[in-house]
Amino acid sequence: MNVNSTTRAAALAVGLLAGACAGVGAQSVAMTGGMGSKALLVVNGGAPKALSAGETHQGVKVLSVGPDQVTVEVGGKRQTVTLGGAPVSIGGGGGGAQGSQIVLTAVSGGHFVTLGSINGRSTQFMVDTGATSVALSQDEARRMGIDHEKGQRIMAGTANGVVSVHKVRLASVRIQDVEVRDVEAVVVPAGMPHVLLGNSFLTRFQMKRENETLTLTRRY
């Protein structure tokens, strides 16, 4: 099993906010820049749109614009979106995880970083197509209440060489309004700035990259 990744470097200085856990009909919104009193917003992975307070685009209404964040409203629900942060999912109904598409915007260094959850507990992910499985550190596993020591012990190749890891199953991995259940993962002894979102999760999606946007569409 190979969980080798060059993304296990120093943590990126990015601001991440939890997206609203919206259901079908939610809008994915990211802030990619500013133009004076206007914010450059990417809605549902489309082209950036410059919007000022009071303007609406694809159902997303801008309430206020700051130098590094914008407050928007979708379907009566408000959310603050941070410049350079992962897209947040806003609107929709019910708060369930019934979505089928994840839209991510590259951050500094070209990496795709997003806030999500494992077994209902919040964590930060980094997309890593070179990792066979989702990979997380022992400290992160303990924080989430995962008893990884009961998992199968195997040897795996990492950026630090071949090490002993524990193979576990994650009941739930959720990003934006998309939830995948029963996901294979490995718990590694070294510290990691992010949970690596490897192919045990990614292969359940069709991946499409256009410039700085990565779209994951659920396979059925």
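Residues numbered from 1 in each chain as written. Predicted model: local features only at pLDDT ≥ 70, side-chain atom pairs only at ≥ 80, totals over all residues. Heavy atoms only, no water.

1. Examining the overall build of the protein chain
From N to C terminus, the protein chain includes 2 helices and 18 strands. A buried classification covers 47% of the 220 residues belonging to the protein chain. Of all intrachain contacts in the protein chain linking residues separated by at least 6 positions in sequence, the fraction that spans at least 24 positions is 57%. (Helix = DSSP H or I, 4+ residues; strand = E, 2+ residues; numbered from the N terminus. Buried < 20%, exposed > 50% of the residue type's maximum accessible area, 1.4 Å probe, protein only. Contact = heavy atoms within 4.5 Å.)

2. Some points on the sheet that holds strand S4 (residues 56-57)
Taken together, the 4 strands give an open sheet; going across it, the order is S4-S5-S6-S7, and neighbouring strands pair in antiparallel fashion. In this open sheet, the two strands that pair with only one neighbour each are S4 and strand S7 (77-82). Of the pairings in the sheet, the one linking S4 to strand S5 (residues 60-65) comprises 2 bridges and is antiparallel in character. Bridge pairing in S5 places histidine 57 opposite valine 60. (Pairing = 2+ DSSP bridges.)

3. Focus: the environment of serine 137
As for its placement among the helices and strands, serine 137 is situated in strand S12 (residues 134-137). Overall, serine 137 belongs to the buried group, its relative accessible area being 7%. C-alpha of serine 137 to C-alpha of proline 189: the two residues are 52 residues apart in sequence and 5.9 Å apart in space. For serine 137, the contacting residues outside a window of four places in its chain are Val187, Val188, Ala190, Gly191 and Met192.

4. Description of the environment of glutamate 184
Along the polypeptide, glutamate 184 turns up in strand S15 (residues 178-188). Along the sequence, glutamate 184 and alanine 135 sit 49 residues apart, while their C-alpha atoms lie 9.0 Å from each other. At a separation of 2.8 Å, a polar atom in the side chain of glutamate 184 contacts the side chain of serine 133. (Polar contact = N/O pair within 3.5 Å; in protein donor to acceptor, adjacent residues only side chain to side chain.)

5. Section: the pattern of salt bridges
Tallied over the full model, the rule gives 10 salt bridges. Linking arginine 142 and aspartate 139 is a salt bridge whose minimum nitrogen-to-oxygen distance equals 3.4 Å. With arginine 142 and aspartate 139 both in helix H1 (residues 138-143) and 3 residues apart, the pair spans about one turn of that helix. Judged by relative accessible area, arginine 142 falls into the partly exposed class, the value being 46%. For the salt bridge of glutamate 212 with arginine 209, the shortest nitrogen-to-oxygen distance reads 3.9 Å. A cluster of three or more residues bridged by salt bridges with shared partners is formed by Lys167, Arg169, Asp182 and Glu184. (Salt bridge = Lys/Arg side-chain N within 4 Å of Asp/Glu carboxyl O.)

6. Overview of the pairing of S15
Across the 11 residues that make up S15, a large majority, 8, are buried. Inspection of the sheet shows S12 paired to S15 by 4 bridges, in the parallel sense. Counted as the bridge partner of alanine 135 is valine 186 from S15. Hairpin geometry of strand S14 (residues 161-175) and S15 is characterised by an intervening segment of 2 residues between the two adjacent antiparallel strands and by a positive phi of about 50° at glutamine 176.

7. Structural notes on the nonpolar core
Ranked by size, the top nonpolar core spans 28 residues in total, and within it Leu170, Leu197 and Phe201 carry the most contacts. Elements with a minimum of two residues in this core: strand S9 (101-105), strand S11 (121-127), S12, S14, S15, strand S16 (195-197), helix H2 (199-202) and strand S18 (213-218). Of all the elements, S15 adds the most residues to this core, at 5 residues. Ignoring anything within four residues of it in the chain, the contact list for phenylalanine 201 reads Ile102, Val134, Val173, Ile175, Val180, Val183 and Leu216. Counting 14 residues, the second largest nonpolar core, distinct from the first, contains Val29, Val62, Val81 and Val88. (Core = buried A, V, L, I, M, F, W, Y, C linked by side-chain atoms within 4.5 Å.)

8. Notes on the sheet that holds strand S1 (residues 27-35)
Here we have 4 strands laid out as an open sheet, ordered S3-S2-S1-S8, and antiparallel in their pairing. Edge positions in the sheet fall to strand S3 (49-52) and strand S8 (88-90), since each of these pairs with one other strand and no more. Adjacent strand axes in the sheet meet at a mean angle of 45° when their direction is disregarded. One ladder, built from 3 bridges, connects S1 with S8; its direction is antiparallel. Across the sheet, the residue bridging to valine 29 is valine 88, located in S8. (Axes fitted to C-alpha atoms, helices over the stretch in contact; angles between N-to-C directions.)

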